[in-house]
Structures are given as C-alpha cells and as structure tokens.
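Spelled out from the first residue to the last, the chains are:
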Amino acid sequence: MVGILALQGGFARHAAVFSSLGEPVREVRTDTDLEGCDRLVLPGGESTVLTRLLMESGWEPGAPAQGSTLYRAIADFARTEAVMGTCAGLIMLSQTCSDDRVVPFSVLPVTIRRNAYGRQTESFVEPIHLAPKIAGGDQSLFPATFIRAPRIEKTGLGVAILAEADGHGLREPVLVAYKRLLGLTFHPELNPEDTRIHRFFLDL
Ligand code: GLN
C-alpha cells in the first residue's frame, strides 16, 4: 500500500498514476493513516506551507521544532521505508534547506535551494535521460516538468544521481536516490502516460 501525504499540493495526480498501475493507495493525513503503508510519497506543493501543517501548533520559524505526531511518524518511516519526494516533497526530505520556514526531515543527504529557477512563469519542461535502472529497456527521454523547482546544490556520500538536466547551462542532478529514498526536482505525476519513475519507486 502506497501512502500519499495529502495535506496540501499535488497528491491526487500521484494517486491516479499508482491506481493506473493497479497499486492500492491511501491518502495520509494523520500518523495512523501511515500504519500499514509500506511506502510513502511526499508530493509537490509548497514546503513552507507543508512545514506549517506538520509542526506543533504555535510553532514559529526559527524556533526549535519537535513536529506534530505525523511529522515524527514520517521522519521515523523515512529512515527505513521507501519514500519518494517530488519538488516540495524533495525539499522536505533534504538534509539542508537554507530557509528557516522549512523544517526538513533531514534524511536525504542533499543541500537544496528553493525556487532556484525563478517564479511560476519561469516554469519549464525539459526532456531528460533516465538512468538505465529506471529506464528499463525504454531509452526514450522523459519530459520533466519543473514548477518553481528547487535546485540540488550538493549531494552527500552515497547519493546516486539517476537523472540530470542541463537546460539552464549547468549540468545538475534532478533525480537522486539514497538507500530507499528517491528525490526529484520535477513532477513525474504530470506525465501519467510515462510511468517508468513510479514503477521504479514501487520496485525499491
Ligand atoms: N517552490 C515550492 C517550494 O519551495 C516547490 C514547488 C513545487 O513543489 N512544485 O516548496
């Protein structure tokens, strides 16, 4: 059973892709929803808003954070189970995000800069090569949609880069894996006709 964090953002489209693959999904809004899930998706949306929704009431940016019971349940889950974070979801998985309005789970050793390519109107689609272990026998390019995308500025030890983009002059990672965690700066759920990434996640 795939859990999909459904507090905010693009959870419905991810659910539709898994359903099309015959995979049961559950929308996760509380820590008890997470029980019985063997993998979890943190969808795109807005990481500052997600953080607010996942903190204990009364928390303010910059203050020490303990997190709600759901926040702590996800942090524990991500230490052992498969989690895919797309865009804002990747920001939440990251080790370091230089914005104190975001309290990431600090499980994926990457440094992230939010909104690194500019505003909504600077969103773009770039066809990217997927690493052979995701692509399987299908070497076609994946049309990756970047929406107010974060940039992976640094990757730590043990992080595998499974796709890169170079549309902005720099060659940079846009899809990374670490243990059973997958982090993407783009939105694969917006291309539901190409399910290679979702299928790879189900096989992790
Ligand atoms: N800019 C958003 C953030 O910082 C992420 C955008 C997205 O998920 N498409 O959280």
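The structure contained in this document is the topic of the report that follows. Remember, it's a predicted structure, so these values are computed and weren't measured experimentally. (Residues numbered from 1 in each chain as written. Predicted model: local features only at pLDDT ≥ 70, side-chain atom pairs only at ≥ 80, totals over all residues. Heavy atoms only, no water.)

**What about helix α4 (residues 69-80)?**
Right, so step 1: For α4, spanning 12 residues, the distance from its first C-alpha to its last is 18 Å, which sits close to the expected 16 Å at 1.5 Å a residue.
Right, so step 2: Those residues of α4 that fall on the buried side of the exposure criterion are Leu70, Tyr71, Ile74, Ala75, Phe77 and Ala78. For α4, the buried positions fall inside an angular range of 165° around the axis, keeping them on one side. Facing away from the buried side of α4 by over 90 degrees, the exposed positions are Asp76, Arg79 and Thr80. (Helix = DSSP H or I, 4+ residues; strand = E, 2+ residues; numbered from the N terminus. Expected span 1.5 Å × (residues − 1). Buried < 20%, exposed > 50% of the residue type's maximum accessible area, 1.4 Å probe, protein only. Arc of directions from axis to C-beta.)

**Section: the packing of aromatic side chains**
Right, so step 1: Taken as a whole and judged by the stated rule, the model has 7 aromatic pairs.
Right, so step 2: Each ring, one from Phe146 and one from Phe186, has its centre 5.6 Å from the other, and the planes form 55°; the classification is tilted. With Phe146 in strand β8 (residues 142-146) and Phe186 in the loop between β12 (181-184) and α7 (196-203), the pair connects residues that are 40 residues apart, well separated along the chain.
Right, so step 3: Looking at Phe146, the relative accessible area reads 2%, which means it is buried.
Right, so step 4: For Phe186, a relative accessible area of 0% corresponds to the buried category.
Right, so step 5: Members of the aromatic cluster, joined through ring pairs, are Tyr117, Phe124, Phe142, Phe146 and Phe186.
Right, so step 6: Lying across the ring of Phe201, Arg39 places its NZ or CZ 5.7 Å from the centre. (Phe/Tyr/Trp six-rings, centres within 6.5 Å; stacked < 30°, edge-to-face > 60°. Lys NZ or Arg CZ within 6 Å of the ring centre and 35° of its normal.)

**A short note on the sheet that holds strand β5 (residues 94-97)**
Right, so step 1: Pairing is mixed in the open sheet, where 3 strands are placed in the order β5-β6-β9. Looking at strand neighbours, the two that pair on one side only are β5 and β9 (151-155), the edges of this open sheet. Each strand axis lies, on average, 35° off the axis of its neighbour in the sheet, ignoring direction.
Right, so step 2: Alignment of β5 against strand β6 (residues 108-113), held across 3 bridges, turns out to be parallel. Looking across to β6, one finds that Thr96 is bridged to Thr111. (Pairing = 2+ DSSP bridges. Axes fitted to C-alpha atoms, helices over the stretch in contact; angles between N-to-C directions.)

**Some details on the site of the ligand**
Right, so step 1: In the region of the ligand, the neighbouring residues are Gly44, Gly45, Glu46, Ser47, Cys87, Ala88, Ile91, Arg114, Asn115, Ile147, Arg148 and His187.
Right, so step 2: The side chain of Asn115 places a nitrogen or oxygen atom 2.5 Å from a nitrogen atom of the ligand.
Right, so step 3: Between the ligand and His187 there is a distance of 2.8 Å, counted from a nitrogen atom to a side-chain nitrogen or oxygen.
Right, so step 4: Against a free-state accessible area of 300 Å², the protein chains account for coverage of 98% of the ligand.
Right, so step 5: Counted by class, the shell around the ligand contains 4 nonpolar, 5 polar and 3 charged residues. (Near = heavy atom within 4 Å. Polar contact = N/O pair within 3.5 Å; in protein donor to acceptor, adjacent residues only side chain to side chain. Areas by Shrake-Rupley, 256 points an atom, 1.4 Å probe, with all protein chains shown as cover. Nonpolar A, V, L, I, M, F, W, Y, C, P; charged D, E, K, R; others polar.)

**Describing the pattern of salt bridges**
Right, so step 1: Applying the stated criterion to the full structure yields 14 salt bridges.
Right, so step 2: Glu46 is paired through a salt bridge with Arg114; the nearest N and O atoms lie 2.6 Å apart. One end of the pair, Glu46, is in the loop between β3 (39-42) and α3 (47-54); the other, Arg114, is in the loop between β6 and β7 (124-128), and 68 residues separate them in sequence.
Right, so step 3: With relative accessibility at 18%, the residue Glu46 sits in the buried group.
Right, so step 4: For Arg196, the salt bridge goes to Asp194, with nearest N and O atoms at 2.7 Å. The residues Arg196 and Asp194 share a single accessibility class, namely buried. (Salt bridge = Lys/Arg side-chain N within 4 Å of Asp/Glu carboxyl O.)

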